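# Results of the structural survey
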2 protein chains.
Amino acid sequence: MARSLGRIFNGLQRLGSVSPIQTQLRYPSTSVYQPVRRRSVLAVPSFLSPKPRDFSLPNPSWGSELMQLYERYNSQCEVETEEGEKQEGPWKRVPSYNRALKYAPCGVYLSKIIQSKARLFTRNINDPGAAFEYVLFINREEQKCVGIFQAGHLLEGPPGHVHGGAIATMIDTVTGTHASFLSGPVVTANLNINYRRPIPLGSTVLIESSLDKKEGRKLFFSCKVTSTDGSKVHTETTVLFVSISASHLLLGG
Amino acid sequence: MARSLGRIFNGLQRLGSVSPIQTQLRYPSTSVYQPVRRRSVLAVPSFLSPKPRDFSLPNPSWGSELMQLYERYNSQCEVETEEGEKQEGPWKRVPSYNRALKYAPCGVYLSKIIQSKARLFTRNINDPGAAFEYVLFINREEQKCVGIFQAGHLLEGPPGHVHGGAIATMIDTVTGTHASFLSGPVVTANLNINYRRPIPLGSTVLIESSLDKKEGRKLFFSCKVTSTDGSKVHTETTVLFVSISASHLLLGG
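Residues numbered from 1 in each chain as written. Chains lettered and ligands numbered in written order. Predicted model: local features only at pLDDT ≥ 70, side-chain atom pairs only at ≥ 80, totals over all residues. Heavy atoms only, no water.

## Some remarks on the side chain of Thr237 of chain B
Operational definition: The helix and strand labels rest on DSSP assignments: H or I over at least four residues marks a helix, E over at least two residues marks a strand, and numbering proceeds from the N terminus. We call two residues in contact whenever any of their non-hydrogen atoms come within 4.5 Å of each other.
Assignment of secondary structure puts Thr237 of chain B in strand S9 (residues 233-243). Not counting chain neighbours up to four residues away, the residues in contact with Thr237 of chain B comprise Ile171, Leu191, Asn192, Ile193, Phe221, Ser222 and Cys223 of chain B.

Here you go:
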């Protein structure tokens with residue numbers, strides 16, 4: 001896996017001359033995550049980059065539970081000092097786009113990899129509320145990541161309930177974002193989900209990711225999906241990520 | 001989980017007076033799978049049931065690998081005897097629809113559960129070739145299930161590659177169909193995926209499910225995702241399903 005992904009990053013390396021992007025690029029799952037801290041690997045020339053839609057911002061489809069939790073965490077993203085100055089709070093909202101490389105100035109090699117029509121799986125439907133509505137927050141100090149997820153009607157598995165694959169997708173997304181925030185580029189190596197209770201379509205759940213331990217390049221995470229008040233456990237998961245060094249990636253090793 | 005799903009089937013039970021449906025209804029993932037053998041639980045009055053699109057049939061987006069493998073298995077679904085008569089072959093294609101209960105005559109309770117706009121997660125995009133293109137075949141004698149899956153551009157995770165959640169979704173779909181075929185209604189209890197090698201967008205892979213053992217109500221499956229020639233292993237997975245009796249479901253236990 002690392003070899004193949006290394007080739008991708010060989011391609012990305014050729015973008016070195018363009019300016020740093022202003023947004024976070026996340027590459028979820030079985031894959032390399034672009035870390036939150038490292039914003040300068042990929043780049044988009046400003047004249048080719050109209051402001052894309054940030055899917056992590058509220059839209060009219062968001063129900064009261066999603067809105068309330070969004071506001072709870074978002075209010076802690078910026079705090080006021082005693083002197084009345086605003087400064088970064090303990091939480092940070094993670095922006096979310098449907099393409100990482102929409103306007104990337106592709107080289108010949110890269111253009112083979114990046115398909116112009118490609119869209120991030122969790123953001124491939126534009127109809128608000130129909131599929132995955134979610135927002136992620138990261139707490140630098142506590143090294144936590146939470147996702148608030150409202151499941152739309154296009155995610156059906158059993159009648160009236162969310163498909164287990166859609167739940168797996170959200171778990172992978174939240175833990176992957178968390179792992180890349182802590183450790184830079186990672187690949188998902190193992191995803192082990194215990195399904196406890198189905199999630200009704202239309203409902204909102206809380207996805208909490210925490211780092212259990214770090215052993216060399218391995219990062220072990222736990223992730224729990226619960227009702228928003230924490231009273232019902234839907235899934236319990238462990239996820240293993242392997243940290244990949246930039247040189248490893250860039251050399252295609 | 002069983003309790004909640006039991007409520008669904010309490011609702012479905014109220015449909016008992018209508019005639020058996022002619023198609024297979026599959027309910028993938030963290031959920032109750034409707035078994036292939038038991039076709040009479042859900043029912044649709046014929047006058048309300050125009051023939052729905054079967055997504056498992058070829059369309060112009062299917063590439064040569066998907067078509068070749070489809071034809072290989074499909075040609076073994078019906079064989080000719082020495083006397084020139086046609087009879088069922090060792091393999092059976094599994095039809096696939098985007099809704100299980102599109103025209104179900106819902107009672108009051110059921111109508112709360114079954115949303116009219118709900119669509120099966122893996123079939124929620126109508127644009128051929130854009131997302132999940134797949135067909136499943138089951139071999140009754142060998143107790144095997146295979147899925148042939150062509151990954152569309154809307155399933156992106158890492159640039160140019162399939163999202164791990166989309167892969168998990170397909171694994172759940174293939175093994176869940178297999179489990180329900182062997183054992184009637186089941187719930188997914190555990191999904192444990194080892195990701196070995198990423199899958200490029202646009203490529204076709206083979207998903208093979210096999211039953212490892214059965215212990216009481218537990219069914220243990222292995223599932224491998226490989227390149228179509230079997231030379232590259234993308235993921236190795238174990239899946240645990242728990243068989244649920246109809247009475248257990250219907251009583252909401």
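Still to come is the rest of the account.
## Points about the environment of Trp91 of chain B
Topologically, Trp91 of chain B is positioned in strand S3 (residues 91-94). Placed 112 residues apart in sequence, Trp91 of chain B and Ser203 of chain B show a C-alpha to C-alpha distance of 24 Å.

## Some words on the nonpolar core
This is how it is decided: Each nonpolar core is a collection of buried residues, namely Ala, Val, Leu, Ile, Met, Phe, Trp, Tyr and Cys, held together in the definition by side-chain atoms within 4.5 Å. Exposure categories follow from relative accessible area, calculated using a 1.4 Å probe and restricted to protein chains: below 20% of the type maximum is buried, above 50% is exposed, and the middle band is partly exposed.
Counting 80 residues, the largest nonpolar core has Phe132, Phe149 and Leu155 of chain A together with Phe132, Phe149 and Leu155 of chain B as the members making the most contacts within it. Other than its neighbours up to four places away in sequence, Phe149 of chain B contacts Phe132, Glu133, Tyr134, Leu155, Met170, Ser203, Thr204, Val205 and Ile207 of chain B.

## Quick look at the pairing of S9 of chain B
All names here are of chain B. To keep it simple, the criterion reads: Pairing between strands is defined by DSSP: at least two bridges between them are needed.
Here S9 lies mainly inside the structure; eight of its 11 residues are buried. Pairing of strand S6 (residues 186-195) with S9, which is carried by nine bridges, proceeds in the antiparallel orientation. Looking at S9, one finds that Val186 is bridged to Ser243. Between strand S8 (residues 218-227) and S9, which pair antiparallel and follow one another directly, the connecting turn spans five residues, one of which, Gly230, has a positive phi of 80°.

## Quick notes on the pattern of salt bridges
Where we set the bar: By definition, a salt bridge exists where a carboxyl oxygen of Asp or Glu is found within 4 Å of a side-chain nitrogen of Lys or Arg.
Per the stated rule, a full pass over the model turns up eight salt bridges over all chains. Note that Glu215 of chain A and Lys213 of chain A form a salt bridge whose closest N and O atoms lie 3.2 Å from each other. Between Glu236 of chain B and Arg196 of chain B there is a salt bridge whose closest N-O contact spans 2.9 Å. Of the two residues, Glu236 of chain B is situated in strand S9 and Arg196 of chain B in the loop between S6 and strand S7 (204-215); the sequence distance between them amounts to 40 residues. Note on Arg196 of chain B: relative accessible area 41%, which makes it partly exposed.

## What about the state of the cysteines?
Residue and element names in this part refer to chain A. Definition in use: Any pair of cysteine sulfurs within 2.5 Å is marked as a disulfide.
Using the criterion set out here, one finds zero disulfides over all chains in the structure. Note on Cys145: no disulfide assigned, nearest cysteine sulfur contributed by Cys223 at a separation of 8.6 Å. On the accessibility criterion, Cys145 (1% relative accessible area) is buried.

## Some remarks on helix H4 (residues 164-183) of chain B
Residue and element names in this part refer to chain B. What counts, and what does not: Multiply 1.5 Å by the residue count of a helix minus one, and that product is the helix's expected span.
Taking 1.5 Å per residue, 20 residues should reach 28 Å; H4 reaches 28 Å between its end C-alpha atoms and fits that length. Here H4 lies mainly inside the structure; 20 of its 20 residues are buried. Immediately beyond the C-terminal end of H4, within one or two residues, lies Gly184, with a positive phi of roughly 80°.

## Quick look at unusual backbone geometry
The residue Gln143 of chain A is not glycine, and still its phi comes out positive at about 50°. Here Gln143 of chain A is to be found in the loop between strand S4 (132-139) and strand S5 (144-151).

## A short note on the confidence of the model for chain A
Fine structural detail should not be taken from predicted coordinates in areas where pLDDT scores are low. Our working definition: Per-residue confidence from the predictor is reported as pLDDT, a score between 0 and 100.
Overall, the predicted model of chain A reaches an average pLDDT of 78, with 70% of residues at or above 70. In this model residues 1-47 of chain A is a low-confidence stretch, pLDDT under 50, and it forms 154 contacts with partners more than four residues away in sequence or in other chains.

## Side note on the environment of Val79 of chain B
Residue and element names in this part refer to chain B. By the secondary structure assignment, Val79 is in strand S1 (residues 78-80). Residues Val79 and Leu155 lie 76 residues apart in sequence; the distance between their C-alpha atoms is 36 Å. The residues contacting Val79, other than those within four sequence positions of it, are Glu85, Lys86, Gln87, Glu88, Gly89 and Pro90.

## Observations concerning the packing of helix H4 (residues 164-183) of chain A against H4 of chain B
In a packed pair of helices, the relevant descriptors are the angle between the two axes and the axis-to-axis distance. Short version of the rule: Lines are fitted to the C-alpha atoms to define the axes, a helix being fitted only along its stretch in contact, and any angle between axes, read from their N-to-C directions, falls within 0 to 180 degrees. In this scheme, roughly parallel covers angles under 35 degrees and roughly antiparallel covers those over 145, while 65 to 115 is roughly perpendicular and the rest are oblique. For any helix crossing, the convention is left-handed if the near helix is rotated counterclockwise from the far helix by under a right angle, and right-handed if that rotation is clockwise. Just so you know the grouping, Ala, Val, Leu, Ile, Met, Phe, Trp, Tyr, Cys and Pro go in nonpolar, Asp, Glu, Lys and Arg go in charged, and all remaining residues, Gly too, go in polar.
It is at 8 Å that the axes of H4 of chain A and H4 of chain B come closest, and there the two elements cross at 155°. The pairing of H4 of chain A with H4 of chain B is recorded here as roughly antiparallel in orientation. The interaxial crossing formed by H4 of chain A with H4 of chain B has right-handed handedness. Judged by residue contacts, Gly164, Gly165, Ala166, Ala168, Thr169 and Asp172 of chain A of H4 of chain A engage Gly164, Gly165, Ala166, Ala168, Thr169 and Asp172 of chain B from H4 of chain B. Looking at side-chain class alone, the contact of H4 of chain A with H4 of chain B contains four nonpolar, six polar and two charged residues.

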